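# Geometric and topological summary
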Amino acid sequence: MPQITLVEAINLALAHEMSRDPAVVVLGQDVGVDGGVFRATQGLRERFGPERVLDTPIAEALISGMAIGMAVEGLRPVAEIQFSGFAYTAIDQLVNHGGRLRHRTQGRLGCPMVLRTPCGAGIHAPEHHSESPESMFAHIPGIRVVYPSSPRRAYGLLLAAIRDPDPVVFLEPTRLYRLYKEAVEDDGQAAPLDTCLTLREGTDVTLVTWGPMVPDTLGVADDLAAQGVAADVLELATLKPLDLDSILSSVARTGRCVIVTDAARTCSFASEIAAGMADEGLLSLLAPVQRVTGYDVVPPLARLEYDYIPSRQRILAAVRKALAFS
């Protein structure tokens, strides 16, 4: 079984689905001849032809609008927005059309499309390339939001996203694209959507995270274990719809919840989880919910971006604060 990176797993999943289903097409800026800015679509145009791997103009609203039209007409488009900082004009089409089609047509039409976009800080990109806008996408009714953190999960979740009958926003953490390799079998097995993944079991504190913060959070769990603290680590591979039940079940055992994200703090998805805990898990809590996030500023340029991304020290400080309550 080959060891591959996360971005190679994206490519592997796209190639698998394009081979399996002739309705799957790929479109976006530079996805064809150049193979994408991060080479996620490298080799697909040569293998499947320019009719199924379409280079588009620099026009994100056009890319998302084309994908929705293709989906309505029976295709399964996978559209790439080159960086999430350029996705805001694409949101117009998702809000007004993609997310509403099933409701608008009383179930007669679906919109089986995937909007892929790399996001997050940590690769020394200009400031318009480093956002983590998952909460903006999650706010759109009718849209699934998926955010893998490893090569194996990226492969299985992208297969599931392409096969889904409704729109999926598939966020890809640029910081993890080539951070490490993992054995991934090209077996066509889709991973389950809409569920939390338990990465580590513990009884003292629940750590909830997703996307690029998963490796750091697991590292903190290792540090805590060396200090005699057992952390339950949950990954939200699917953010929307949120598997709140799994989080509630974990916190019922641990009594403490620390949420970790690299997105800006105000109205982040961490806030939604904290609200869910207040609504349905308040009596399980032995301490206030802690949120470790980015700051309410534009992600800074390279020299300061690792001061913006939550560090292990900040996560540990939040855990100690939660553990201080008895």
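The structure contained in this document is the topic of the report that follows. Quick caveat: nothing in here was measured; it's all calculated off a predicted structure.

What follows is about the environment of Tyr147. Tracing the backbone shows Tyr147 in the loop between β6 (144-146) and α7 (151-163). With 161 residues separating them along the chain, Tyr147 and Tyr308 place their C-alpha atoms 20 Å apart.

Another aspect to go through is helix α1 (residues 6-20). Helix length check: α1, at 15 residues, gives a terminal C-alpha distance of 21 Å against a target of 21 Å (1.5 Å per residue), a fit within 8%. Of all the 15 residues making up α1, eleven are buried; the element is thus mostly covered by neighbouring parts of the structure. Within the sequence span of α1, burial applies to Leu6, Val7, Ala9, Ile10, Asn11, Ala13, Leu14, Ala15, His16, Glu17 and Met18.

What follows is about a negative patch on the surface. The grouping of Asp245, Glu272, Asp279 and Glu280 at the surface amounts to a negative patch. For the negative patch, the element with the most residues is helix α10 (residues 269-280), which contributes three residues. Among the secondary structure elements, Glu280 is positioned in helix α10.

The next subject is the side chain of Arg144. Along the chain, the position of Arg144 falls in strand β6. Given a relative accessible area of 19%, Arg144 falls into the buried group. In contact with Arg144, not counting residues within four places along its chain, are Asp164, Pro167, Val168, Val169, Leu193, Asp194, Lys240 and Pro241.

Core analysis: the biggest nonpolar cluster contains 44 residues, and Phe137, Trp210, Leu236 and Ile247 have the highest contact counts within it. Apart from the residues lying within four places of it in its own chain, the contact partners of Trp210 are Glu134, Tyr147, Glu235, Leu236, Leu239, Ile259, Val260, Thr261, Phe269, Ala270 and Ile273. Val114, Ala154, Val184 and Leu193 belong to the second largest nonpolar core, which has 36 residues in total.

Parameters at a glance
- Residues numbered from 1 in each chain as written.
- Predicted model: local features only at pLDDT ≥ 70, side-chain atom pairs only at ≥ 80, totals over all residues.
- Heavy atoms only, no water.
- Helix = DSSP H or I, 4+ residues; strand = E, 2+ residues; numbered from the N terminus.
- Expected span 1.5 Å × (residues − 1).
- Buried < 20%, exposed > 50% of the residue type's maximum accessible area, 1.4 Å probe, protein only.
- Patch = residues over 30% accessible without salt bridge, like charges linked within 9 Å, V, L, I, M, F, W, Y side chains within 5 Å.
- Areas by Shrake-Rupley, 256 points an atom, 1.4 Å probe, with all protein chains shown as cover.
- Salt bridge = Lys/Arg side-chain N within 4 Å of Asp/Glu carboxyl O.
- Lys, Arg positive; Asp, Glu negative; His and termini not counted.
- Charge placed at Lys NZ, Arg CZ, Asp CG, Glu CD.
- Contact = heavy atoms within 4.5 Å.
- Core = buried A, V, L, I, M, F, W, Y, C linked by side-chain atoms within 4.5 Å.

Without other data, these values stay purely geometric and don't point to any function.
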